[in-house]
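# Structural features, examined
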Amino acid sequence: MSESARLASRKSAAVARGVATRGIYATRAENAELWDAEGRRFLDFAAGIAVNNTGHRHPRVMAAVAEQAQAFTHTCFHVAPYEGYIALAERLNAATPGNFDKKTMLVTTGAEAVENAIKMARAFTGRSGVIAFSGAFHGRTLLGMALTGKVAPYKKGFGAMPPEIVHAPFPNAFHGVTEADALGHLERLFASSVDPERVAAIIIEPVQGEGGFNIAPFSFLRALREICDQHGIVLIADEVQAGMARTGRMFGFDHSGVAPDLVTMAKGLAGGFPLSAVTGRAGIVDAPNPGGVGGTYAGNPLAVAAAHAVLDVIGDEQLCLRAAEIGEVIRARLTQIAARQGMECIGDVRGLGAMNALELVTDRATNGPDAALTAAVVAEAEARGLILLSCGTRYNVIRLLPPLTIPMDQLNEALDIIEASIEAAVMARAA
């Protein structure tokens, strides 16, 4: 029995069944490469689900964490605060969109950030309703699940969701939902289902993650800003996956030219260490009473030190420009593959910066989802040494999330594997 098989057996016996995993048991990783228990090398196009934007074990991140560990690893900010937290809040206040007074709170996970943003919006407005969007993913807590616009596996079997949360259609031209359709539905929602005067917040991902890497039209984000201003609603940008230089700007909302009231971030913020944040208008962030937000591990000193290093690396290594460059290479290659004879299974190629995807379909006439082919391509790529992730409400989207520090030769190697994997999966089906 291989070491991976032994680990799989132990996992099956000891770990909760609901914690789904792949069959790659990591032993070490460096930048865009990862090695498993058998010593097999993989190129990592998952990056810990957009966590390792600065690559696995970036030297500056590791050095910052090691230095902090020599001082202290935990005090709880509520008990004995420390400068690193304060300095990171100052940096995030300056980095997020919007020229207005801001404040920040640090927590641990993306779901925590989202929950606290909703709490702030409710405390500030005195309202309780929240509007999210179809295909959204906002976390696995009960409120996060309620906000999420995908049933399986995130909501299935978990009973009633928290009330006063409504979903509106996310504009998606490939799936036949125009921006005008989405805005029209929102107007009808206000007229028939939810009084806008009871809505505390609208929350949206500028690029949907789990929903399929669907890009919100920049004009749609501007329209949401106008609607929120009109009705006194707090606009929340969930930048958990799209933020930290992933889309070619520091935050996905930066492309739209308007600022949300609150920004939630996590994943790429601390280069592999658990940290998240809510940053936004000072009056909204300050709305909860003292002690109303926070947590024992919120703003852990090691993760805070890592985040400072990540921000330094993003600036010094120009990772926003690097993300844009990576994205252009990826989309050009995927578009070239899609144009080839026999590649009609590729219905759409889309992306913003280094947040890219291809959607696989049964045929381009109907754009019917091909979840089986998607799973086959992911498996073929893994067999060839490339880690890919699928996503989408129809389970037929392959997302590409290379570290922004990936060498160009490894990027091209990975794209070669993707092309070979699609070819192999299509040929296997035809056989």
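What this report covers is the structure whose coordinates are included nearby.

Pairing within the open sheet is mixed, and its seven strands lie in the order S4-S10-S9-S8-S7-S5-S6. Looking at the sheet topology across the chains shown, the edges are occupied by strand S4 (102-107) and strand S6 (165-168). Each strand axis lies, on average, 20 degrees off the axis of its neighbour in the sheet, ignoring direction. Pairing analysis gives six bridges linking S4 to strand S10 (residues 276-281), with the strands arranged antiparallel. Each bridged residue has a counterpart across the sheet, and for Lys-102 the counterpart in S10 is Arg-281. Together, S4, strand S9 (262-265) and S10 form the strand contacts of helix H4 (residues 83-95), whose direction differs from that of S4 by roughly 130 degrees.

Mapped onto the elements of the fold, Arg-225 is located in helix H8 (residues 218-231). Take Arg-225: its relative accessible area is 8%, and that puts it in the buried class. At 2.9 Å, the side chain of Arg-225 forms a polar contact with the side chain of Asp-261. In this structure, Arg-225 is in contact with Ile-233, Leu-235, Val-258, Ala-259, Pro-260 and Asp-261, ignoring residues within four places of it in sequence.

All right, on to the pairing of strand S7 (residues 199-204) then. The element S7 is extensively covered by neighbouring structure, given that six of its six residues are classed as buried. Bridge analysis of strand S5 (residues 129-133) against S7 gives three bridges, and the strand direction is parallel. If you follow Ile-131 over to S7, its bridge partner there is Ile-202. Once the chain exits S7 it traverses H8 before rejoining the sheet at strand S8 (residues 234-238), and the crossover so formed is right-handed.

Let us look at the environment of Glu-423. Tracing the backbone through its elements, the reader meets Glu-423 in helix H13 (residues 408-430). A relative accessible area of 27% means that Glu-423 is categorised as partly exposed. In this structure, the C-alpha to C-alpha distance between Glu-423 and Gly-342, residues 81 residues apart in sequence, is 8.7 Å. Once residues within four sequence positions are removed from consideration, Glu-423 is found in contact with Arg-340 and Met-343.

Cut-offs and rules
Residues numbered from 1 in each chain as written. Predicted model: local features only at pLDDT ≥ 70, side-chain atom pairs only at ≥ 80, totals over all residues. Heavy atoms only, no water. Pairing = 2+ DSSP bridges. Helix = DSSP H or I, 4+ residues; strand = E, 2+ residues; numbered from the N terminus. Axes fitted to C-alpha atoms, helices over the stretch in contact; angles between N-to-C directions. Contact = heavy atoms within 4.5 Å. Buried < 20%, exposed > 50% of the residue type's maximum accessible area, 1.4 Å probe, protein only. Polar contact = N/O pair within 3.5 Å; in protein donor to acceptor, adjacent residues only side chain to side chain. Right-handed = clockwise from strand over helix to strand, strands pointing away.

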